[in-house]
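Fold and geometry: a report
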Amino acid sequence: GAGVSQSPRYKVAKRGQDVALRCDPISGHVSLFWYQQALGQGPEFLTYFQNEAQLDKSGLPSDRFFAERPEGSVSTLKIQRTQQEDSAVYLCASSKEVNTEAFFGQGTRLTV
Amino acid sequence: AQSVTQLDSHVSVSEGTPVLLRCNYSSSYSPSLFWYVQHPNKGLQLLLKYTSAATLVKGINGFEAEFKKSETSFHLTKPSAHMSDAAEYFCVVIASGRDDKIIFGKGTRLHILP
């Protein structure tokens, strides 16, 4: 596709349920980012991949959060045992090269 | 480490009057700076970017921003506001170093008064 695609667009989970959020970046983009945007707030960094390597996961709020990009393209953000405070929009972005503009997906709105 | 400060959480202007959204940054390396806009229930859209070329950057929808290194600022302006400009605006920095995180400001919500 032409842009970054995220699925599902909306997810409602019961507290304690595991969820998986998918991101399809723009084809050929090296960098992939995940952000969490709470209601009325700016996006907060979660994690960053360069190809399949997870170079920075300092923003992941707890060990219940896990992200992977095994083949350097599609990425999945997994949240285990969801809590109410996990409710947010999760944004994925990709960029062609390091330090170039990032293109954002529409996000997945998670409601716990 | 880099950071971004958007000085106003809300800005209200009348339609047809100038817009100024303020942004200051901190970076240990030569930064790349961006402004993104987010309309309600829409994705983030790039307005403009500065990447060490011209200090005055023109973006879409009539927006401009000027990089001022001495003031560590990258304020967003538009000569004449339109109702459709009502949205959330984010100033973003990427430092050209080992740390390639995209850092967002807290955002400024722009209200356009009729």
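What counts, and where the lines are drawn
- Residues numbered from 1 in each chain as written.
- Chains lettered and ligands numbered in written order.
- Predicted model: local features only at pLDDT ≥ 70, side-chain atom pairs only at ≥ 80, totals over all residues.
- Heavy atoms only, no water.
- 1 Å grid on protein atoms, 1.4 Å probe; cavity = no way out; pocket = protein on both sides within 12 Å on 5 of 7 lines; lining within 4 Å.
- Points joined across faces, edges and corners; volume = space filled by probe spheres on them.
- Helix = DSSP H or I, 4+ residues; strand = E, 2+ residues; numbered from the N terminus.
- Nonpolar A, V, L, I, M, F, W, Y, C, P; charged D, E, K, R; others polar.
- Buried < 20%, exposed > 50% of the residue type's maximum accessible area, 1.4 Å probe, protein only.
- Polar contact = N/O pair within 3.5 Å; in protein donor to acceptor, adjacent residues only side chain to side chain.

1. Concerning the layout of surface pockets
In this structure, the largest pocket spans a volume of roughly 520 Å³. Considering the residues around the largest pocket, the lining is formed by 26 residues, among which Gln37, Val89 and Arg109 of chain A together with Gln38 and Asn41 of chain B are closest to the centre. The greatest single-element share of the lining of the largest pocket, amounting to four residues, is contributed by strand β11 (residues 108–111) of chain A. Among the residues forming the lining of the largest pocket, the class breakdown is nine nonpolar, twelve polar and five charged. Taken as a whole, the second largest pocket spans an internal volume of roughly 160 Å³. In terms of lining residues, the second largest pocket is bounded by 13 residues, among which Pro43, Glu44 and Phe45 of chain A together with Ile103 and Phe104 of chain B are the most central. At the level of secondary structure, the elements contributing two or more residues to the lining of the second largest pocket comprise β5 (44–50) of chain A together with β11 (102–104) of chain B. Top element by residues in the lining of the second largest pocket is β11 of chain B. It accounts for three residues. Broken down by class, the residue content of the lining of the second largest pocket amounts to seven nonpolar, three polar and three charged.

2. Examining unusual backbone geometry
For the bond running from serine 7 of chain A to proline 8 of chain A, omega is -10°, close enough to zero to count as cis. The backbone of arginine 81 of chain A shows a phi angle near 45°, a positive value even though the residue is not glycine. Secondary-structure assignment places arginine 81 of chain A in the loop between β8 (75–79) and β9 (88–95). Take arginine 81 of chain A: its relative accessible area is 43%, and that puts it in the partly exposed class. Positive phi is not limited to glycine here, since asparagine 61 of chain B has a value of about 60°.

3. A closer look at the side chain of aspartate 86 of chain A
All names here are of chain A. Within the secondary structure, aspartate 86 sits in the loop between β8 and β9. On the accessibility criterion, aspartate 86 (3% relative accessible area) is buried. Engagement of the side chain of aspartate 86 in a polar contact is seen with the side chain of arginine 64, the distance being 2.8 Å.

Fair warning: the whole summary comes from geometry, so function is off the table for now.
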